[in-house]
2 protein chains.
Amino acid sequence: MRLALDAMGGDFGPQPNVSGALRALAAAPDLTLTLVGDQAQLAPLLAAAGPYPHDRLTVLHSADTVGMKEKPVEAFRKKPDNSIAVSWKLLVTKQIDGLVSAGNTGAVVAGGLFSKRFLKGVRRPGIAALMPTAKGRTVVLDVGANVFPKPSHLLQYGVMGSVYARLALGIERPTIGLMNVGEEEGKGHELVNKTYELFRNSPLAPQFIGNVEGRDIHRGACDVIVTDGFVGNVILKQAEGAFELLMGLVAKEVVGALTVERDAAAAALKAMVSKLHHSAAGGAPLLGIDGVCVICHGSSDERSIAGALAVAATCVRTKLNDKISEEIAALPALPGDE
Amino acid sequence: MRLALDAMGGDFGPQPNVSGALRALAAAPDLTLTLVGDQAQLAPLLAAAGPYPHDRLTVLHSADTVGMKEKPVEAFRKKPDNSIAVSWKLLVTKQIDGLVSAGNTGAVVAGGLFSKRFLKGVRRPGIAALMPTAKGRTVVLDVGANVFPKPSHLLQYGVMGSVYARLALGIERPTIGLMNVGEEEGKGHELVNKTYELFRNSPLAPQFIGNVEGRDIHRGACDVIVTDGFVGNVILKQAEGAFELLMGLVAKEVVGALTVERDAAAAALKAMVSKLHHSAAGGAPLLGIDGVCVICHGSSDERSIAGALAVAATCVRTKLNDKISEEIAALPALPGDE
């Protein structure tokens, strides 16, 4: 298992990447890791980190870093030797099985689009995020790679999300819902109406439960929710904001109302927050790429980076891409809606 | 102040409408109310309700009801005497100042579109919802009237949302954000990019803070969030689902972890839930209509209906529409993007 980590990615620079990498190495003896980034910054962090398996960790120097707010296309043109581009090069040349980055999401996706190494038959890659529900977790995709998709892209996201739910969540026959503004057929705009028809007439029809609404996301109405990258991105980030707001209010208004058991309540809340926090999810794979790419939250910490490396390892180990390729190949001819 | 209430609207039939109406009448001595609906169902509910001001409450019989899942256009064709259509007739003929409905949202909006009584210069009405934030409340629009808008519609939503935030929330100079997938200019798709340009070159420019992301909604990053009706609808309903999930988990994992102070914690949580629950917001006005129309959640209870009637009364009392008309008239020529 060979993975690369964009060691410069994220809001906090190389430190959480280095610690997350070492944590992942300790947890998975079959993992070898390439840290891609500025040697001058990485060397002292590694030196200070204490003992680690030198034979399983190498540093590959890259001179540049894409800023978290830089425009991806410009950044790739001006800084061809950036850590994201170098990581992609390792993947495209099959020197690694997967890459992980907490860097500028647009740039990571752009690296994948530029590579043109999509799985055979895949029209556009999509990012699959796991979101917490009352019943467990739901795969939501796309959460930001493809903000104005075609119906055929969304159908393929159904295929890829279903395979991911099977392999990552262990759900034998995942149910699939289409995000819409109402449950009834015919709701919404042209994109969702055409996509609905595609699902109904595809091999996924038995798994397709039809339209779902915003309130169904956290209720766990289905195992996979298919949506465009604009809506999916808002969904993913709104969940984070709602979580922040509500947990803050609970700390103040519920825990704060107690005296004798205030500490016990605070500890229980802290445990709940830790379990639900985005860092617990690790990272979200960019599905449809020939190779594994896992994208992390910009504010990833050590736990999050280690978790994302574990997600990437799972994708490699379960041969996720082979399964996706099989099911994409089994789809009937798609509309020429590109 | 003359309002009409679609007494048949909502998931629970006429009962919460009747109780909500009586609660609103008791709270506002200047309110006169027309209950629109099936006389045979409403009469016994009113008879059982105890004393109420008969001079301020009348029932207007309508034979039909639009089901919560019926297709609006079909329902209006097959059942022209439905309670939503009859309520709209009262508004269009100026027999009332405003209407409130917890019925099929699509049908209520369709009634407004069919009426063609938009405020002068308004291209498309939009629904403005108030959402809870860490700083108070934010106006989000459109939350479902217009799922595939044009840039000029979104600019006008900025105008209407800003007036609503001023009059309903008392914010002198509301800040406006455009929902997008990232803060940086140029993110997202054509609709948001063109809308961004329109805002930057409009009289709203000093209030426009640029793009906001999903996580900004509940952080209270701005007073008004402008988005298309598809995204807005998902946002509104996702907040409800996230709220349900998290409050359920807190009850189980935090309150449930206590012994001595379990009742105190449960009471504090209940108070918090009640304050944040969608029924506390009352209803969301459909802005841009010549007259006031307030749309409620399908599962509205007595408190919610009374609250929605109060929202409608506020819109009438503050002459919201006069202010919207003034500011719409002050916009420079809009693109012909219809």
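These numbers were taken from a predicted model, which means no experiment stands behind them. (Residues numbered from 1 in each chain as written. Chains lettered and ligands numbered in written order. Predicted model: local features only at pLDDT ≥ 70, side-chain atom pairs only at ≥ 80, totals over all residues. Heavy atoms only, no water.)

All right, on to the relation of the copies chain B and chain A then. Relative to chain A, chain B is turned by 180° and slid 0.0 Å along the rotation axis, the superposed coordinates differing by an RMSD of 0.0 Å. The superposition operator between the copies reduces to a two-fold rotation axis. The fraction of interface residues of chain B whose copies in chain A are also interface residues reaches 100%, indicating that both copies meet through the same surface. (Least-squares fit on C-alpha atoms with pLDDT ≥ 70 in both. Contact = heavy atoms within 4.5 Å.)

A few words on the domain arrangement of chain A. Residues and elements named next belong to chain A. What the domain assignment lists for chain A is domain 1 (2-122 + 288-318) and domain 2 (127-277). Computed from C-alpha atoms alone, the centre-to-centre distance between domain 1 and domain 2 is 26 Å. Taken together, the contacts link 11 residues of domain 1 with 9 residues of domain 2. Both sides of the domain 1 and domain 2 interface together cover about 780 Å² of buried area, and 57% of this is carbon and sulfur. For the pair domain 1 and domain 2, the interface holds 0 salt bridges. (Domains from an automatic or database assignment. Buried area = accessible area lost by both parts, 1.4 Å probe. Salt bridge = Lys/Arg side-chain N within 4 Å of Asp/Glu carboxyl O.)

Residues and elements named next belong to chain A. Strand order in this open sheet of 11 strands is 3-2-1-4-11-10-5-6-9-7-8, and the pairing throughout is mixed. Pairing within the sheet leaves two strands with one partner each, and these edge strands are strand 3 (57-61) and strand 8 (208-212). Each strand of the sheet is rotated relative to its neighbour by a mean of 25°, with strand direction disregarded. Sheet strands in contact with helix 5 (residues 105-115) are strand 4 (98-101), strand 5 (126-133), strand 10 (284-287) and strand 11 (292-295), and its direction is about 170° off that of strand 11. (Pairing = 2+ DSSP bridges. Helix = DSSP H or I, 4+ residues; strand = E, 2+ residues; numbered from the N terminus. Axes fitted to C-alpha atoms, helices over the stretch in contact; angles between N-to-C directions.)

Contacts between the two partners involve 59 residues from chain B, matched on the other side by 59 residues from chain A. Here chain B meets chain A over a buried area of about 5,100 Å², counting both sides, of which 66% is carbon and sulfur. Counting across the chain B and chain A interface gives 10 salt bridges. Here Glu240(B) makes a salt bridge to Arg215(A), at a shortest N to O gap of 3.1 Å. For the interface between chain B and chain A, the tally reads 25 residue pairs in polar contact (both at pLDDT 80 or more). Elements with a minimum of two residues in the side of chain B that touches chain A: strand 5 (126-133), helix 8 (214-217), helix 9 (229-254) and helix 10 (262-276) of chain B. Top contributing element to the side of chain B that touches chain A by residue count: helix 9 of chain B, with 21 residues. (Polar contact = N/O pair within 3.5 Å; in protein donor to acceptor, adjacent residues only side chain to side chain.)

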